[in-house]
Amino acid sequence: TSMRPIHPLPPYRSPHAPHEAIKRNGAAAVEFAVVAPLLFAIVLGLVEFGRAIMVEQTLVSAARESCRVAVLAGTTKQDVIDRATASLSAAGISNFTITMNPDPPSSASEGTPVTVTITVSFNNVTWLPVPIYLGGKNLTASSVMRREWN
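Keep in mind it's a predicted model, so treat the numbers as computed, not measured.

(A) Focus on the pattern of salt bridges. Applying the stated rule across the entire model yields three salt bridges. Across the salt bridge formed by Arg-83 and Glu-65, the nearest N and O atoms sit 2.8 Å from each other. In this pair, Arg-83 is assigned in helix α2 (residues 77-90) and Glu-65 in helix α1 (residues 18-70), connecting sequence segments 18 residues apart. Salt-bridge contacts for Asp-103 lead to Lys-77; the nearest nitrogen and oxygen are separated by 3.0 Å. Taken together, the residues Asp-103 in the loop between β1 (96-101) and β2 (113-121) and Lys-77 in helix α2 connect sequence positions 26 residues apart. Accessibility expressed as a relative area gives 44% for Asp-103, which makes it partly exposed.

Below is the structure:
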């Protein structure tokens, strides 16, 4: 008994003529042209909303730190503003507004709540040249603590 050599299968041949493959290559370009705008919109949206969440968390931290300064005895309104500015400038955020209630916080009697609110326009903190979804929106964070005893 002799062994027959095993021959590989013949290469696959498309039942279509060779010119059909050329037409199909154009379909890939059309499919990409249809899908690409949606893909880019999703990616840019992720960048924009990710940045908004990051800035919002920074505002929350700055408001808490500023409010902590505001409730201490002997602090001035400028001390609170300086604390917020230092905290936000470390994160590269400027052009924000800070409001205090009562204003100045030193006018609050002991044990009463003091509120510090920080607001920044998303247009000032976006990483995109032009914000797509959050343009013109304000990001805000507040903190409330009780005024400490002297």
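(B) Expanded view of the nonpolar core. Judged by nonpolar contacts, the single largest core of 26 residues is most densely connected at Leu-59, Val-116, Ile-118 and Val-120. Elements supplying a minimum of two residues to this core: α1, α2, β1, β2 and β3 (138-146). Per-element accounting of this core gives the leading share, eight residues, to α1. Setting aside residues no more than four positions away along its own chain, Ile-118 makes contact with Leu-59, Ala-62, Ala-63, Ser-66, Ala-84, Leu-88, Phe-96, Thr-97, Ile-98, Leu-139, Thr-140 and Ala-141.

(C) How the structure looks around the environment of Phe-96. Among the structural elements, Phe-96 can be located in strand β1. Each residue touching Phe-96, except ones within four places of it in the same chain, is listed here: Ala-84, Thr-85, Leu-88, Ile-118, Thr-119 and Val-120.

What counts, and at which threshold
- Residues numbered from 1 in each chain as written.
- Predicted model: local features only at pLDDT ≥ 70, side-chain atom pairs only at ≥ 80, totals over all residues.
- Heavy atoms only, no water.
- Salt bridge = Lys/Arg side-chain N within 4 Å of Asp/Glu carboxyl O.
- Helix = DSSP H or I, 4+ residues; strand = E, 2+ residues; numbered from the N terminus.
- Buried < 20%, exposed > 50% of the residue type's maximum accessible area, 1.4 Å probe, protein only.
- Core = buried A, V, L, I, M, F, W, Y, C linked by side-chain atoms within 4.5 Å.
- Contact = heavy atoms within 4.5 Å.

Purely geometric numbers; function is a separate question.
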